Amino acid sequence: MTYTKFGAFMRVQRIKRHERIVDVAKILGVSASFLSLVERGKRNVPGYWMDVISSYYNLNDSEQRLLYDAVCESKTHIKIDLTSATPLKRKAAVKFVTAFESMDDETAKEIAKILKNV
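Residues numbered from 1 in each chain as written. Predicted model: local features only at pLDDT ≥ 70, side-chain atom pairs only at ≥ 80, totals over all residues. Heavy atoms only, no water.

Draft legend 1. Representation of the nonpolar core within the structure. Ranked by size, the top nonpolar core spans 16 residues in total, and within it F6, F9, M10, W49, I53 and L67 carry the most contacts. Elements with a minimum of two residues in this core: α1 (5–16), α2 (21–28), α3 (32–39), α4 (49–56) and α5 (61–74). Ignoring any residue separated from it by four or fewer positions in sequence, one finds L67 in contact with F6, F9, M50, I53, S54 and L59. (Core = buried A, V, L, I, M, F, W, Y, C linked by side-chain atoms within 4.5 Å. Buried < 20%, exposed > 50% of the residue type's maximum accessible area, 1.4 Å probe, protein only. Helix = DSSP H or I, 4+ residues; strand = E, 2+ residues; numbered from the N terminus. Contact = heavy atoms within 4.5 Å.)

Draft legend 2. Molecular detail of the pattern of salt bridges. If you walk through the whole model with that rule in mind, you get four salt bridges. For E73, the salt bridge is made with K5, and the minimal N-O distance between the two is 3.3 Å. Of this pair, E73 sits in helix α5 while K5 sits in helix α1, and the two are 68 residues apart along the sequence. Given the relative accessible area of 55%, E73 is considered exposed. Salt-bridge contacts for E110 lead to K113; the nearest nitrogen and oxygen are separated by 3.5 Å. Residue E110 and its partner K113 are both found in helix α7 (residues 105–116); the two are separated by three residues, about one turn of the helix. On the basis of relative accessible area, E110 is assigned to the partly exposed category, the value being 34%. Since its relative accessible area comes to 45%, K113 is described here as partly exposed. (Salt bridge = Lys/Arg side-chain N within 4 Å of Asp/Glu carboxyl O.)

Draft legend 3. Looking closely at the layout of surface pockets. Its boundaries defined by the atoms lining it, the largest pocket holds a volume of some 1000 Å³. For the largest pocket, the lining is made up of 24 residues, of which I78, I80, F96, F100 and L115 are closest to its centre. Counting only elements with at least two residues in the lining of the largest pocket, the list comes to α5, α6 (87–100) and α7. Considering each element in turn, the lining of the largest pocket owes the most residues, six residues, to α6. (1 Å grid on protein atoms, 1.4 Å probe; cavity = no way out; pocket = protein on both sides within 12 Å on 5 of 7 lines; lining within 4 Å. Points joined across faces, edges and corners; volume = space filled by probe spheres on them.)

Draft legend 4. Quick look at the packing of α2 against α3. Relative orientation of the contacting elements α2 and α3 amounts to 95°, with a least axis distance of 8 Å. By the angle between their directions, the pair α2 and α3 is classed as roughly perpendicular. Here I21, V22, V24, A25 and L28 of α2 lie close against α3, whose contacting residues are A32, L35, S36 and E39. Classifying every residue of the contact of α2 with α3 by side-chain character gives seven nonpolar, one polar and one charged. (Axes fitted to C-alpha atoms, helices over the stretch in contact; angles between N-to-C directions. Parallel < 35°, antiparallel > 145°, perpendicular 65-115°, else oblique. Nonpolar A, V, L, I, M, F, W, Y, C, P; charged D, E, K, R; others polar.)

Now the structure itself:
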């Protein structure tokens, strides 16, 4: 079975505490099968999970960064609400999505650097 970075992070947390997937699913308010789908990258990590997981496992700052990175690297899709976006922001979003598939890592790194300063 293949796990995402998030799935691997969660497995380590469960193993350290001798928990089963069903135990953690109950804390997150979902079924064990849904949690399994998320860990295998078939579903995105719901937004509220980071806070719940951080609190439940009492994660320190370093562990929270690891969790955040794992969630980001495990995303399979992103939805952008353009309802209130200006025409220029809409154009930028569409341009980004259009160019995304052919973008190299160096370009992605430069974009991330620009956005970090926004």
